[in-house]
Amino acid sequence: PRDWSSDVCSSDLFELPAGWRVEEIPGALFAARPVEPLDPVDPAGSVASGSQLTVSARRVPVDADLRRIAPASLARLRREHPDLQVDTERVGRFGDGGLTVYVRAVRLAVGRPARTVSEVHALALAPPEPQRPVRDLFVLVGRCEADAVERHGPLFLSMIATFRIGDSPDGGCGDLA
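Residues numbered from 1 in each chain as written. Predicted model: local features only at pLDDT ≥ 70, side-chain atom pairs only at ≥ 80, totals over all residues. Heavy atoms only, no water.

Turning to the overall build of the protein chain, a few remarks are in order. Scanning the protein chain for helices and strands turns up two helices and nine strands. What you see in the protein chain, going N to C, is helices and strands ordered as β-β-β-α-β-β-β-β-α-β-β. Going through the 177 residues of the protein chain one by one, you find that 47% of them count as buried. Total accessible area on the protein chain stands at roughly 9300 Å², and carbon and sulfur atoms take up 53% of it. (Helix = DSSP H or I, 4+ residues; strand = E, 2+ residues; numbered from the N terminus. Buried < 20%, exposed > 50% of the residue type's maximum accessible area, 1.4 Å probe, protein only. Areas by Shrake-Rupley, 256 points an atom, 1.4 Å probe, with all protein chains shown as cover.)

Printed below as a string of structure tokens:
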């Protein structure tokens, strides 16, 4: 199995928009952020402020599927953020033979004092490997201030659309573009 931690600062997993960079952050494989902040970032560098797309991965049973994972993740989010508003949810494939990806757009209140942020969530399962009881679930979360979603939403979607998972069954990269 691939050790994704070796790709922590790799932009090989998706195409970065011009003016964005990849950084290591706690609790995720990495985050993509604008080189020059387009939105104010608080002095503590809170994840709740500024704009970024985080990529994380965790192991799930090989028989896990997005039809079960997506509702469970939404239920967890609703418990953590009772004010959560779902703007849209979709499941689809990006490109010819691309991976199936679940995408949702939400608005929620974060921080103290509370302010509204918009998030785009994407969930993608790595192809199962023969004789392995687990596979990787990749979670991409793009976050920006709610009033910046018109500017950042398309950038988040372009990164999600170009997200690739190596070791696809066809021997190439599972390109979502």
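From this point, the discussion proceeds with the structure in view.
With an omega dihedral of 0°, the bond running from Arg 112 to Pro 113 counts as a cis peptide bond. With phi around 65°, Gln 131 is a residue other than glycine that occupies positive phi space. Mapping Gln 131 onto the fold places it in the loop between β6 (115–125) and β7 (134–145). Assessed through its relative accessible area of 82%, Gln 131 is described here as exposed.

The terminal C-alpha atoms of helix α2 (residues 149–161), which comprises 13 residues, lie 17 Å apart, in line with the 18 Å expected from a rise of 1.5 Å per residue. Among all positions of α2, only His 152, Gly 153, Phe 156, Met 159, Ile 160 and Ala 161 are buried. (Expected span 1.5 Å × (residues − 1).)

On to the nonpolar core, then. In terms of nonpolar packing, the biggest core is built from 25 residues, with Phe 14, Leu 53, Val 55, Phe 138, Leu 140, Ile 160 and Phe 163 touching the most fellow members. Going through the elements one at a time, β1 (20–23), β2 (30–34), β3 (52–61), β5 (100–110), β6, β7 and α2 are the ones with two or more residues in this core. Of all hydrophobic cores here, the second largest spans nine residues; its members include Ala 64, Ile 69, Ala 70 and Leu 137. (Core = buried A, V, L, I, M, F, W, Y, C linked by side-chain atoms within 4.5 Å.)

For the rest of this paragraph, the subject is the layout of surface pockets. Roughly 580 Å³ of internal volume is contained in the largest pocket. Residue lining of the largest pocket: 26 residues in total, with Thr 54, Ser 56, Arg 76, Val 139 and Val 141 positioned closest to the centre. Those elements that provide at least two residues to the lining of the largest pocket are β3, α1 (66–80), β5, β6 and β7. In terms of residues, the lining of the largest pocket owes the most to one element, α1, which gives six residues. Class assignment of the residues belonging to the lining of the largest pocket gives a composition of 13 nonpolar, seven polar and six charged. Quantified by volume, the second largest pocket comes out at close to 230 Å³. When residues in the lining of the second largest pocket are grouped by element, the largest group, five residues, is from β5. (1 Å grid on protein atoms, 1.4 Å probe; cavity = no way out; pocket = protein on both sides within 12 Å on 5 of 7 lines; lining within 4 Å. Points joined across faces, edges and corners; volume = space filled by probe spheres on them. Nonpolar A, V, L, I, M, F, W, Y, C, P; charged D, E, K, R; others polar.)

With that settled, consider the pattern of salt bridges. This model, assessed by the stated rule, comprises nine salt bridges. For Glu 119, the salt bridge goes to Arg 143, with nearest N and O atoms at 2.5 Å. You can see Glu 119 sitting in strand β6 and its partner Arg 143 sitting in strand β7, a full 24 residues away along the chain. For the pair Glu 119 and Arg 143, one class covers both residues: buried. (Salt bridge = Lys/Arg side-chain N within 4 Å of Asp/Glu carboxyl O.)

Let us now look at α1. When the terminal C-alpha atoms of α1 are compared, their 21 Å separation across 15 residues agrees well with the 21 Å that a helix rising 1.5 Å per residue should span. In this fold, the buried residues of α1 make contact with β4 (85–93), β5, β6 and β7. (Contact = heavy atoms within 4.5 Å.)

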